[in-house]
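Listed below, chain by chain, are the residues.
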Amino acid sequence: MGLQQDTVTWFVGILFLSTLFLCSADVHHYEFFVRESNFTKLCNTTTLLVVNDSYPGPEIRVRRGDTVFVNVHNQGNYGFTIHWHGVKQPRNPWFDGPEFITQCPIQPGTNFTYEVILSDEIGTLWWHAHSDWTRGSVQGAFIILPAENETYPFPTPDADQTIILQSWYNGDYKQIIDQALATGIPPRQPDAYAINGNLGDTYGCTNDTIFRMQVDYEKMYLLRIINAAMNEQQFFSITNHTLTVVAQDASYVRRFTSDYILISPGQTMDVLVSANQNVGQYYMATRPFSDASAMPPDNITTGIFQYTNSEGGLNASLITLPARDDTNATNSFISRIRNTNVTQNPPLNVPTGIDRRVFITIATNTVPCNTSQCLLPNRFVASLNNVSFVFPRIDILKAYYNSTGGVFTEDFPLNPPVFYDFTGNLTGFNTRAELGTRAVVLNYGEAVEIVLQATQLGGGGSHPIHLHGFSFYRVGSGSGNFNNETDPRTYNLVDPPLINTIHVPGKGWAALRFFANNPGKFSIREKKEKISSSSILL
């Protein structure tokens, strides 16, 4: 959701202590040239805005605690920003990246240099544009290797491989979202899914390429999996091979094995796989998961896990993935992700005494559609607590520090304005939302709990929610309407995973906790990009 952007922005005022590995930290420099390039897929040529003429864009590969400078040259036709998804940016919120939150867009013909400060992140993150739908094509991996003299908390892999899962549209991403905003209807579904920019062999176009990962028998590989799709949670598997999950969102987790993974938009996952089967060629495959009333296309996209010197063909019937609507498979997988007590992770510090509680409902609402292209009297928007975000005239961070009035208000509701049966039948329910740029101010060092409640307004379904500037603990989730008396008793305060993007189940809720310990203004936003939305917390 969030045609414009689902944003709950956080202003916090605390010094973030981050001295880990600084004595050996390096400085890296990258040049990003962002311009339009042509790509041919599904037997159709499409013009995309990309970085350095590649889709996905260039990979950043550094070590824990390093600092990265990225000089972004806008050689396109419209403004955008770049967000370093999952990087906390301690004491450095000006370079977080969301447009009109921490900065104004980089205008065509200009450049802007980002300073990206790494602290305790480890493993796989990613970067992407943060303006309308530009992240659909302006995206790439951000790999954070262990610091010098630091080891993995698992057997050192023989090699690693980045795997980016993507949505593919025959058409310009910005034009698709602009048309949806103008007409007031949701944007169309993707035409295909991709693995590292390759559509595989299931779509019927003989010119489409398939991603191949070559492996050696009895070697161990670390897969760095990123879901960069616009809206779709994705299942992923490799035929006849077991996956061992070792990290999520740049934090190590307790190792467990599975035949598949479930990864939401914005999430990253590090997975070990051993090339221990008969020498041959095996499908890797991905398909969407959805628990909404409007399902995405049930397309399976393939790649090949290919042993050196392998011969023979492939058999599509060997692909084993959960069904597109298999909520049991989704919930079972997510429930197995737990924190692990290893020295490479930050010490477990789950807030127990809570200073600030926020209960947020996620919905698709309507507001009047006043453009000449409107197809209906009302247009769809997404909302948090019935507030749909409106871009301000200047970025909120500048307004905050310069005490500029009239840019935002500090009255984002801490609870839904109306309590109703969120997950029930809402036929005939008032779906109107309010528009605003509204915020909540957090005090220095507060222990914060946010409960995110999915609703059935607008078709319902699950939601991936990302918190800028922080990792947080996923302490609980469940089905139905959240009960503030009984549901907190089910929280996991012993070993909850430390993540930056959370899966809120359809017809259900999820709870997260963190300390407000990173100064500046950051945002919470939904990683689905269907309709506009949101709100801010300061």
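Residues numbered from 1 in each chain as written. Predicted model: local features only at pLDDT ≥ 70, side-chain atom pairs only at ≥ 80, totals over all residues. Heavy atoms only, no water.

For helix H1 (residues 173-183), every residue scored as buried is listed here: Tyr173, Lys174, Ile176, Ile177, Ala180, Ala182 and Thr183. The backbone nitrogen of Lys174 lies 3.0 Å from a side-chain oxygen of the residue at the head of H1, namely Asp172. A positive backbone phi angle near 85° is found at Gly184, which sits one or two residues after H1. (Buried < 20%, exposed > 50% of the residue type's maximum accessible area, 1.4 Å probe, protein only. Helix = DSSP H or I, 4+ residues; strand = E, 2+ residues; numbered from the N terminus. Polar contact = N/O pair within 3.5 Å; in protein donor to acceptor, adjacent residues only side chain to side chain.)

Among the nonpolar cores identified, the biggest contains 37 residues, and Phe236, Ile261 and Phe305 are the most heavily contacted of them. In this structure, Val34, Val70, Val72 and Ile106 belong to the second largest nonpolar core, which totals 27 residues. (Core = buried A, V, L, I, M, F, W, Y, C linked by side-chain atoms within 4.5 Å.)

Those residues of helix H2 (residues 327-335) that fall on the buried side of the exposure criterion are Ala329, Thr330, Phe333 and Ile334. Down the axis of H2, the smallest arc covering the buried residues is 120°, so these residues share one side. (Arc of directions from axis to C-beta.)

As recorded in UniProt, the sites labelled "domain: Plastocyanin-like" (unreviewed entry) are residues 34-147, 161-309 and 412-524. For residues 34-147, the helix share is 0%, the strand share is 46%, and the end-to-end C-alpha distance is 30 Å. Segment residues 161-309 splits into 7% helix and 48% strand. End C-alpha atoms: 19 Å apart. (UniProt positions renumbered as here; feature names shortened; annotations may be inferred.)

Summary statistics for the protein chain give a mean pLDDT of 90 and a share of 93% for residues scoring 70 or more. Predicted confidence for residues 1-23 stays below pLDDT 50, and this span has 139 contacts to residues more than four positions away or in other chains. (pLDDT = per-residue confidence, 0-100. Contact = heavy atoms within 4.5 Å.)

The next point concerns the environment of Val504. Tracing the chain through its elements places Val504 in strand S30 (residues 501-504). Sequence-distant contacts of Val504, defined by excluding residues within four places in its chain, comprise Ile362, Leu452, Ala454, Ser462, His463, Ile465, Trp509 and Ala510.

Scanning the entire structure with this criterion turns up 31 aromatic pairs. A network of ring pairs unites the aromatic residues Phe359, Phe419, Tyr420, Phe422, Phe429, Phe482, Tyr491 and Trp509 as a single cluster. When the ring centre of Trp168 is taken as origin, the NZ or CZ atom of Lys41, which lies over that ring, is 5.7 Å away. (Phe/Tyr/Trp six-rings, centres within 6.5 Å; stacked < 30°, edge-to-face > 60°. Lys NZ or Arg CZ within 6 Å of the ring centre and 35° of its normal.)

This part takes up the sheet that holds strand S4 (residues 60-63). The strand order across the open sheet formed by four strands is S4-S9-S8-S6, and the pairing between neighbours is mixed. Both outer strands of the open sheet, S4 and strand S6 (82-85), are each paired with one neighbouring strand and no more. Averaged over all pairs of adjacent strands, the angle between strand axes in this sheet comes to 20°, irrespective of strand direction. Sheet topology places S4 next to strand S9 (residues 139-145); four bridges connect them, and they run parallel. Paired with Val62 across the two strands is Ile144, which belongs to S9. (Pairing = 2+ DSSP bridges. Axes fitted to C-alpha atoms, helices over the stretch in contact; angles between N-to-C directions.)

Under the defined criterion, the tally for this structure stands at two disulfides. Note that Cys43 is cross-linked by a disulfide to Cys205, the S-S spacing being 2.0 Å. The sign of the 100° torsion about the S-S bond sets the Cys43-Cys205 disulfide as right-handed. In this pair, Cys43 is assigned in the loop between strand S2 (27-41) and strand S3 (44-51) and Cys205 in the loop between strand S11 (192-195) and strand S12 (211-215), connecting sequence segments 162 residues apart. You can call Cys43 exposed: its relative accessible area is 51%. Each sulfur of the disulfide joining Cys369 and Cys374 lies 2.0 Å from the other. (Disulfide = S-S within 2.5 Å.)

This part takes up the pairing of S30. A two-sided burial pattern is seen for S30, the buried positions comprising Thr501 and His503 on one face and Ile502 and Val504 on the other. In this sheet, S30 lies alongside strand S27 (residues 463-467) in antiparallel orientation, the contact comprising four bridges. Each bridged residue has a counterpart across the sheet, and for Pro464 the counterpart in S30 is His503.

What follows concerns the side chain of Ser264. Tracing the sequence through the fold places Ser264 in the loop between strand S17 (261-263) and strand S18 (268-274). Look at Ser264 and you get buried, because its relative accessible area is 0%.

With that out of the way, let us pick up the sheet that holds strand S19 (residues 281-289). Reading across from one edge, S12-S20-S19-S14-S17 is the order of the five strands in this open sheet, with mixed pairing throughout. In this open sheet, the two edge strands, each paired with only one partner strand, are S12 and S17. Between one strand axis and the next, the sheet turns through 25° on average, direction left out of account.

Attention now goes to a nonpolar patch on the surface. A surface patch of nonpolar side chains, about 310 Å² in accessible area, is lined by Trp94, Tyr400 and Tyr401. Among the secondary structure elements, Trp94 is positioned in the loop between S6 and strand S7 (111-117). (Patch = residues over 30% accessible without salt bridge, like charges linked within 9 Å, V, L, I, M, F, W, Y side chains within 5 Å. Areas by Shrake-Rupley, 256 points an atom, 1.4 Å probe, with all protein chains shown as cover. Salt bridge = Lys/Arg side-chain N within 4 Å of Asp/Glu carboxyl O.)

A few words on the environment of Val418. Mapping Val418 onto the fold places it in the loop between helix H3 (396-401) and strand S24 (434-436). Val418 sits 77 residues away from Asn341 along the chain, and the two C-alpha atoms are 41 Å apart.

Attention now moves to the pairing of strand S16 (residues 251-258). Regular strands place their side chains on alternate faces of the sheet. Of the strand pairs in this sheet, strand S15 (residues 243-248) and S16 are connected by five bridges, and their pairing is antiparallel. Bridge pairing in S16 links Thr244 to Thr257. The antiparallel hairpin formed by S15 and S16 contains two residues in its connecting segment, where Asp249 sits at a positive phi of about 50°.

Now for the environment of Asn349. Among the structural elements, Asn349 can be located in the loop between H2 and strand S21 (356-368). Other than its neighbours up to four places away in sequence, Asn349 contacts Tyr473 and Phe515.

Assignment of secondary structure puts Asn198 in the loop between S11 and S12. At 2.9 Å, the side chain of Asn198 and the backbone oxygen of Asn196 are in polar contact. Those residues in contact with Asn198, other than ones at most four positions away along the chain, are Tyr193, Thr209, Ile210, Phe211 and Thr301.

So, about unusual backbone geometry. Across the junction of Tyr55 and Pro56, the peptide omega takes the value 0°, indicating a cis bond. Secondary-structure assignment places Pro56 in the loop between S3 and S4. A positive phi angle, near 60°, is found at Cys43, a position not held by glycine. Of note, the phi angle at Glu218 is positive, near 70°, even though the residue is not glycine.

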